[in-house]
Amino acid sequence: MKRTIPLLISAVTGFVLIATAFIPKFVDWGNDAMAWFNLLAAFAFILGGGNLLKMQLQKISAQQPGWGYSAVTLIAFFITLFVGLAKVGVHPNINFPEFAWSGDYLSEGSAFWWLFEYIFYPLSATMFALLAFYISSAAFRAFRAKNTEATILLMIAVIVLLGRTYAGVWLTGWLPNEPILGSSGITYSDFHLPHLSEIIMDDFTTPGMRAITIGIALGVASTSLKVLLGVDRSYLGSDQEA
Amino acid sequence: MYKWINPAIKRLMILLLISTSGVSLVSAAEPPAPPTDFRAEDVPGDAGTAIDLFWTLSPDDEENTKPRKVLRYVISRKVADNKDAKFENIGEPTYRVNTFRDSNCKTGVPYLYRIEAIGQESTTSTPVEISEPVIATLQWFNLQRSWFAVFVILICGSVIVFIEMARRGKTLKIRKIAGLEAIKDAVGRATEMGRSCLYVPGIQDINDIQTVAGITILAQVAKTTADYRAKLEVPTSRSLVMTTARDTVEAAYLAAGRPDEYIEDDIYYITDEQFGYVASVTGKMVRDKPAACFYMGAFYAESLILAETGNSVGAIQVAGTAMPTQLPFFVAACDFTLIGEEFFAASAYLSGEPQQLGSLKGQDFGKLIGGLLLLAGCLIMTLSAFEGRGESQEEQSQSFLHSAQTYIKENILGKGGF
């Protein structure tokens, strides 16, 4: 029963929603299903918050290495929760000026907005900015000319890299728009780095990406079917009763 | 004495400027010419709630005229079978726009539409009405998606057929996937080194199919860690994923005969926030130095931060995702990457269950259909290009190949098809 009922619900819901994609009258049912999911996720968020508290408190009480970070996490958690729930510093809504709490907790100037704008946002941006350094280190490893394939990859990467910046124009912009050795089709300017980069991206990268996308679409269809038909139940546990 | 001279000169200058700029102070703006060929059509394949309107732009609605003679169009509507009904404004598309969709229609009600062009100083053109009322009708089946329906039936049908064949004992050959073979080696290495295995199931919720695929792979990884008695940690960025992962890992340990070694607290929730989650997981990596890292699910910008950190601590890394934009990052930074369809095939491959392997054959059939369509499309497009050489556009559009090419583009490919 523990797995049969969820399987039944998911199978019926899944197949009905597939059918609604072809029946205009019921095409909004998918949105309704998403609203139901959001309700469930909201309840699960309490579970997540509880788990976060439990884990961090355990670390602090056991004085595990790095327990100070857990203390910071908990302090930040409670301050944000309080500031958001109590609507600290919120300006009253223009329609209800007599009620101090009638404004939106996200409105500009509120404490919650301040936390988001001046703490959360810069911290997120800092993490995101690290990506630039990681891209450099990953590129350094990926583009080492270890063998023939890696050398080809390196050459193509250099063309695309230069072709997508002004360096490409600067380096090859002087190539004249004249036919090579009197041939009719090809000109010197065809070897402009931006042009070569465009050819690589449009004629080689795009078909490759499309092939991957087709494979992904088929994989999604197959996995969805396995889940709906109950062929793959591992996400609900094993075939034995737990 | 000279006080009056300055204002007089100013007035003179203004008059001079106005006269030279060609703007008349007395003549009012003329109303623009009305749009022509105004027509309305029921939107095909909808729930009977929309009507499309088309018109030819007013002759005064020119692209580069300044100031513009037409500023916008006003569309009005009234119910046709009600004598007392008046035209009501339903939309005001801007200049150079010649279509409008009325999405607030009632099914089965006849409507009449009117259009006017609005010019400078709110001058209005002569209104143009459609001659016959139009009714928005409900379609029970979206015929525009009929080719898509055919493909869904073909591909899903083939998956089901192959699953059934596998159930009946037909042996299916599946090629080796190096990334999946490496999972056992990675877990074995972690056991030997006495370090943990880290499993990241992406940053999306359980309603994302990639997360579901990631969780199904987690079941197989957990079985392996249970067999090898390695420590498995699963930090999640969604509460529902945490509960699902806990059930999955618990059942895997149970199936492996080691339920007592399952530790619930090793599967925990961090935060929904993308970079907060990344900060926590990478911090964990640097402190604990896991020997094996698995990234299976939906990833965005955090993919490379995670994979590079894992690389820097010397972990064996296996990644799998269906996010095409993140695949290059994983390929560059991880030891093995499951690309797109391999990621979805992983659960079936690792479980080795015949009926799951059957679904992979169904996928192959889908690829066959896709490949044949691509070939046919390329052939038709190429032949059409050769056939159209030296012909006028009208002659080209009449040819069979051109019609076939248009039909494929509009029906078999795109929104309503493959």
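Attention in this report is confined to the structure presented alongside it. (Residues numbered from 1 in each chain as written. Chains lettered and ligands numbered in written order. Predicted model: local features only at pLDDT ≥ 70, side-chain atom pairs only at ≥ 80, totals over all residues.)

**So, the overall build of chain A**
If you tally the helices and strands in chain A, you get seven helices and zero strands. Tracing chain A from N to C terminus, the helices and strands come up as α-α-α-α-α-α-α. Against the globule reference of 18 Å for 242 residues, chain A gives a C-alpha radius of gyration of 29 Å, more extended than a compact globule. Based on the C-alpha atoms only, the size of chain A along its principal axes is roughly 80 × 50 × 50 Å. The burial tally for chain A puts 14% of its 242 residues in the buried class. A separation threshold of at least 6 residues defines the contact pool for chain A, and within that pool the share at least 24 residues apart is 34%. (Helix = DSSP H or I, 4+ residues; strand = E, 2+ residues; numbered from the N terminus. Rg over C-alpha atoms; globule rule 2.2 N^0.38 Å. Buried ≥ 20, exposed ≤ 12 C-beta atoms within 10 Å, placed from the backbone. Contact = placed C-beta atoms within 7 Å.)

**Some thoughts on the sheet that holds strand β14 (residues 336-339) of chain B**
Sheet strands associate in pairs through backbone hydrogen bonding, adopting either a parallel or an antiparallel arrangement. Residue and element names in this part refer to chain B. In spatial order, the strands read β11-β10-β9-β12-β13-β14; together these six strands make up an open sheet with parallel pairing. Each end of this open sheet is capped by a strand with a single partner; those strands are β11 (267-269) and β14. Averaged over all neighbouring strand pairs, the angle between strand axes comes to 15 degrees, with direction disregarded. Relative to β11, strand β10 (residues 232-236) is paired through three bridges, and the arrangement is parallel. Residue pairing across strands places T236 opposite Y269, the latter belonging to β11. (Pairing = 2+ DSSP bridges. Axes fitted to C-alpha atoms, helices over the stretch in contact; angles between N-to-C directions.)

**Some words on the sheet that holds strand β2 (residues 51-56) of chain B**
All names here are of chain B. The three strands are arranged β1-β2-β5 in an open sheet whose pairing can be described as antiparallel. Looking along the sheet, the strands with just one partner apiece sit at the ends: β1 (36-42) and β5 (99-102). Strand-to-strand, the axes of this sheet are offset by a mean angle of 15 degrees, without reference to chain direction. Pairing of β2 with β5, which is carried by four bridges, proceeds in the antiparallel orientation.

**Some words on the packing of helix α2 (residues 29-61) of chain A against helix α3 (residues 67-85) of chain A**
All names here are of chain A. The contact between α2 and α3 brings their axes to 8 Å, and the two run at 140 degrees. When the axis of α2 is compared with that of α3, the two are oblique. Note that α2 runs across α3; the crossing there is left-handed. Within the contact between the two elements, α2 uses L52, Q56, K59 and I60 and α3 uses W67, S70, A71, T73, L74 and F77. A class-by-class count of the residues in the contact of α2 with α3 yields six nonpolar, three polar and one charged. (Parallel < 35°, antiparallel > 145°, perpendicular 65-115°, else oblique. Left-handed = near helix turned anticlockwise from the far one by under 90°. Nonpolar A, V, L, I, M, F, W, Y, C, P; charged D, E, K, R; others polar.)

**Some remarks on the interface of chain B and chain A**
Opposite the 65 residues of chain B that make contact, chain A presents 52 residues. Top contributing element to the side of chain B that touches chain A by residue count: helix α5 (residues 239-255) of chain B, with twelve residues. Here the residues of the side of chain B that touches chain A are counted per class, giving 37 nonpolar, 18 polar and ten charged.

**Concerning the nonpolar core**
All names here are of chain B. Grouped together as the largest cluster of nonpolar side chains are 93 residues, with contacts concentrated most on L218, A292 and Y295. Residue contributions to this core peak at ten residues, all from helix α4 (residues 209-228). Membership of the second largest hydrophobic core comes to 18 residues, among which are V43, C105, I115 and A136. (Core = buried A, V, L, I, M, F, W, Y, C linked by C-beta atoms within 7 Å.)

**A short note on unusual backbone geometry**
Each neighbour pair has its own omega, and for K66 of chain B with P67 of chain B the value is -5 degrees, a cis peptide bond. Relative to the assigned elements, P67 of chain B resides in the loop between β2 and β3 (72-79). For Q63 of chain A, which is not glycine, the phi dihedral falls at a positive 50 degrees. Within the fold, Q63 of chain A resides in the loop between α2 and α3. Given 8 C-beta atoms within a 10 Å radius, Q63 of chain A is considered exposed. With a phi close to 60 degrees, S122 of chain B is a non-glycine residue in the positive phi region. Take S122 of chain B: it is sitting in the loop between β6 (110-118) and β7 (128-129). Classification of S122 of chain B as exposed rests on a count of 9 C-beta atoms within 10 Å.

**Topic: the packing of helix α7 (residues 193-229) of chain A against helix α9 (residues 341-351) of chain B**
Relative to each other, α7 of chain A and α9 of chain B sit at 30 degrees, their axes nearing to 7 Å. Judged by the angle between their axes, α7 of chain A and α9 of chain B are roughly parallel. When you trace α7 of chain A past α9 of chain B, the crossing you get is left-handed. On the side of α7 of chain A, the interface is formed by G215, I216, L218, G219, V220, S222 and T223 of chain A, while α9 of chain B contributes E341, F343, F344 and A345 of chain B. Classifying every residue of the contact of α7 of chain A with α9 of chain B gives six nonpolar, four polar and one charged.

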